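Residue-level listing of the chains:
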Amino acid sequence: FEEAITSGYAPDGGLFVPTSLPRVSPYILKLWSRLDYPHLAFSLLRLFIDAQEIPDDDLYQIISTAFVGNEAALFDDPQYIPIRDVGGPAPQVPCLHMVELFHGPTQCFKDFGLRAL
């Protein structure tokens, strides 16, 4: 984690990608669906950041400050990342949803991925 944050690029010049992804049970996914964005971000990041690198209280403080705790962190939607039902393109695809990633302070998708840095 520390190497990815401090270097910016993987040795091959691309992005860092985990060698494996943690398994998340349907039960946990259902629990996560009820969390607000800062608590969900904490839960997801905790899967990848060892508590010895960043203790729980510190990690939550970083996330809270990035998304809630300062004027520059204001998002114009209380859901942070609203998911809109835009319907399906055809009867065989009844559900189609769009994630709006432009509700952050700079109206850019990077507001979500880089705020905590």
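See the structure shown above.
Residues numbered from 1 in each chain as written. Predicted model: local features only at pLDDT ≥ 70, side-chain atom pairs only at ≥ 80, totals over all residues. Heavy atoms only, no water.

Caption draft 1: View of the overall build of the protein chain. Along the protein chain, the regular secondary structure elements total five helices and two strands. Secondary structure of the protein chain in N-to-C order comes out as α-α-α-α-β-β-α. In the protein chain, which comprises 117 residues, the proportion classed as buried is 21%. Across the protein chain, the fraction of contacts at a sequence separation of at least 24, relative to all contacts at a separation of at least 6, is 37%. Accessible surface computed for the protein chain: about 8,700 Å², of which carbon and sulfur atoms make up 60%. (Helix = DSSP H or I, 4+ residues; strand = E, 2+ residues; numbered from the N terminus. Buried < 20%, exposed > 50% of the residue type's maximum accessible area, 1.4 Å probe, protein only. Contact = heavy atoms within 4.5 Å. Areas by Shrake-Rupley, 256 points an atom, 1.4 Å probe, with all protein chains shown as cover.)

Caption draft 2: Geometry of the pattern of salt bridges. Throughout the structure, instances matching the rule amount to one salt bridge. For Arg 46, the salt bridge goes to Asp 56, with nearest N and O atoms at 2.9 Å. Of the two residues, Arg 46 sits in helix H3 (residues 37–48) while Asp 56 sits in helix H4 (residues 56–67), which places them 10 residues apart along the sequence. Taking the relative accessible area as the measure of exposure, Arg 46 reaches 19% and is therefore buried. (Salt bridge = Lys/Arg side-chain N within 4 Å of Asp/Glu carboxyl O.)

Caption draft 3: Spatial organisation of H4. Here H4 spans 17 Å end to end across 12 residues, near enough to the 16 Å set by a 1.5 Å rise per residue. Taken together, the buried positions of H4 are Leu 59, Ile 63, Ser 64, Ala 66 and Phe 67. All buried residues of H4 lie within an arc of 165 degrees about the axis, which places them on one face of the element. (Expected span 1.5 Å × (residues − 1). Arc of directions from axis to C-beta.)

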